[in-house]
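# Analysis of the macromolecular model
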Amino acid sequence: MARYLSGPTQPLGRWNNISIYLTTILTAVFVAGLIGTAMLTAARSPLLEAFVFSMPLRPAWTLWRLFTYVFVSPVSFFTPFAILCFYWFSVGIETHLGRTVLSRLLILLVLVPPAVSAFCWWGLGLSTSSVDNYLLTSGLLVAFATLYPNTEAWGWIPFKWIAFACIFSGSLMLLASHDGLGIAELWLSCAVGFGYIRHAKELEYEDYVSPAARVQKLFQRKPKLRVLPSPSSPKYRAAAVDEPESEIDVLLDKIARSGMNSLTAKEKATLEKAREALMRKDQR
């Protein structure tokens, strides 16, 4: 595989003109885990238990189970779709926010079920176990929908509604089976995916805005409240003509909602000109 220098949102390398991302490597590991799970299950090998997380953790030094349980997954008819969704959601986050953000998100999502299991054991005395990457994929779906809320899947339904429908359906499924622990893990995984991506988007916005602009915003006087005329009145229409919305504000709002990649080449050029003008003004 040819290696080359790249940014955090670019491929790690290429192999036969195929881009190799961190997501590509993780997907290959998941496929290997599926094959290994099938082989060990068919052989009825006790070795499979060494990769499953359970509370109480015995022996206590087998801490790798905190992460390896996601690779222990039974193969089913829908397994290819689960692998495809994992790759789709992960590579979308990696190419937008970078490998570091994706890595931290994956670690947080993987640690959610063990954290809930540890709480149930130490707080309630309940013994639980964790296998499969169902909750990991659920959290990634919500994270992807948070990053691209209005991007339409198959050209007609926004991802934010797909995420809502999946959470609702999963909650109903777990509620019907009286699995309160499963509902808690599902909702917590989705909350982690949503919260972390919102936080990462805010950091991306702050990194793009210059320090001088952020300081200027801190000391900027807040506008006084005033009563606006009715939208149907002539005064309102005149005010709309005299005080047009700043094009830069529109672009910054677009970045906050959908990220830098949502801007067109013309919009990026306009934003770059505004940034250079602000830097020249600060140097005077």
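As a starting point, this report considers the structure included with it. As the structure is a prediction and not an experimental result, all values here were calculated from the model. All residue numbers refer to positions counted from 1 along the written sequence of the respective chain. Given that the model is predicted, a residue must reach a pLDDT of at least 70 before its local features are reported, and side-chain atom pairs must reach 80 or more before they are shown or counted; all residues, however, enter totals for whole chains, interfaces and linings. Here the side-chain values reflect all heavy atoms present in the structure, with hydrogen atoms and water set aside.

## So, the overall build of the chain
- The helix and strand labels rest on DSSP assignments: H or I over at least four residues marks a helix, E over at least two residues marks a strand, and numbering proceeds from the N terminus. A tally of helices and strands in the chain yields eleven helices and seven strands.
- Only protein chains enter the calculation, and the probe is 1.4 Å; a residue is then buried if its accessible area is under 20% of its type maximum, exposed if over 50%, and partly exposed in between. Counting across all 284 residues of the chain, residues that qualify as buried make up 35%.
- Per-residue and other accessible areas follow the Shrake-Rupley method at a 1.4 Å probe size, with only the shown protein chains counted as cover for residues. On the chain, roughly 18300 Å² of surface is accessible, and the fraction owed to carbon and sulfur atoms is 66%.

## What to know about the packing of helix α1 (residues 22-42) against helix α4 (residues 99-124)
- Packing of α1 against α4 brings their axes to within 10 Å, and their N-to-C directions diverge by 35 degrees. Residues Leu-22, Thr-23 and Leu-26 of α1 touch α4, and the partners they reach there are Arg-99, Leu-102, Ser-103 and Leu-106. Only the contacting stretch of a helix is used when fitting its axis, a line to C-alpha atoms as for every element, and angles between N-to-C directions run 0 to 180 degrees. Here, two residues are considered to be in contact whenever any of their heavy atoms come within 4.5 Å of each other.

## A look at the nonpolar core
- One finds Ile-93, Leu-105, Leu-136, Leu-140, Phe-159 and Ile-197 to be the most contacted residues of the largest nonpolar core, which totals 36 residues.
- At the level of elements, α1, β4 (53-55), α3 (79-97), α4, α5 (134-147), α6 (159-176) and α7 (180-208) are the ones that each hand at least two residues to this core.
- Sequence-distant contacts of Ile-93, that is, excluding residues within four places in its chain, are made with Gly-98, Leu-102, Leu-105, Leu-140, Ala-143, Phe-144, Leu-147 and Ile-197. Take the buried residues of types Ala, Val, Leu, Ile, Met, Phe, Trp, Tyr and Cys, join any two whose side-chain atoms come within 4.5 Å, and each joined set is a nonpolar core.

## Things to note about the side chain of Glu-94
- When you line up the elements, Glu-94 lands in helix α3.
- Buried charge Glu-94 goes without a salt bridge, the closest partner of opposite sign being Arg-99 at 4.3 Å.
- The term polar contact refers here to a pair of N or O atoms within 3.5 Å; inside protein, the definition further demands a hydrogen-donor-capable atom paired with an acceptor-capable atom, and it admits residues adjacent in sequence only when both atoms are side-chain atoms. From its side chain, Glu-94 meets the backbone nitrogen of Leu-22 in a polar contact 3.0 Å long.
- Once residues lying within four places of it in the same chain are set aside, the contact partners of Glu-94 are Pro-8, Thr-9, Tyr-21, Leu-22, Thr-23, Arg-99 and Leu-102. When charges are counted, Lys and Arg are positive and Asp and Glu negative, with His and the chain ends excluded. Any Lys or Arg side-chain nitrogen located within 4 Å of an Asp or Glu carboxyl oxygen qualifies as a salt bridge.

## Considering helix α10 (residues 247-258)
- Here α10 spans 17 Å end to end across twelve residues, near enough to the 16 Å set by a 1.5 Å rise per residue.
- Residues of α10 that are buried: Leu-251, Leu-252 and Ile-255. Looking down the long axis of α10, one finds its buried residues gathered within 100 degrees of arc, a one-sided arrangement. Between the first and last residue of a helix there are one fewer steps than residues, each counted as 1.5 Å, and that sum is the expected span. By definition, the arc is the one covered by directions from the helix axis to the C-beta atoms.

## A closer look at the packing of aromatic side chains
- For this analysis, a ring pair means two rings from Phe, Tyr or Trp (six-membered ring only for Trp) whose centres lie within 6.5 Å, classed as stacked if their planes differ by under 30 degrees, edge-to-face if by over 60, and tilted for the remaining angles. What the rule picks out here adds up to 13 aromatic pairs.
- Taken together, a centroid distance of 5.4 Å and an interplanar angle of 80 degrees make the contact between Trp-88 and Phe-159 edge-to-face. A residue pair is termed long-range when its members are at least 10 positions apart, and Trp-88 in helix α3 and Phe-159 in helix α6 qualify at 71 residues.
- A centroid spacing of 4.9 Å and a plane angle of 45 degrees characterise the contact between Phe-144 and Tyr-148, whose relative ring orientation is tilted.

## Some words on the packing of α3 against α4
- Direction vectors running N to C along α3 and α4 enclose 135 degrees, while the axes themselves pass 7 Å from each other. What the angle tells us is that α3 and α4 run oblique. Across the interface between the two elements, Phe-86, Ser-90, Ile-93, Glu-94 and Leu-97 of α3 pack against Arg-99, Val-101, Leu-102, Leu-105 and Leu-106 of α4. Roughly parallel here means an angle under 35 degrees, roughly antiparallel means over 145, roughly perpendicular means 65 to 115, and every remaining angle is called oblique.

## Remarks on the side chain of Ser-171
- Among the structural elements, Ser-171 can be located in helix α6.
- Take Ser-171: its relative accessible area is 12%, and that puts it in the buried class.
- Once you skip the residues sitting within four places of it in the chain, Ser-171 turns out to touch Ile-183, Leu-186 and Trp-187.

## Quick word on the environment of Ala-153
- Topologically, Ala-153 is positioned in strand β6 (residues 152-153).
- Accessibility expressed as a relative area gives 1% for Ala-153, which makes it buried.
- Among all residues touching Ala-153, those that are not within four sequence positions of it are Phe-159 and Ile-162.

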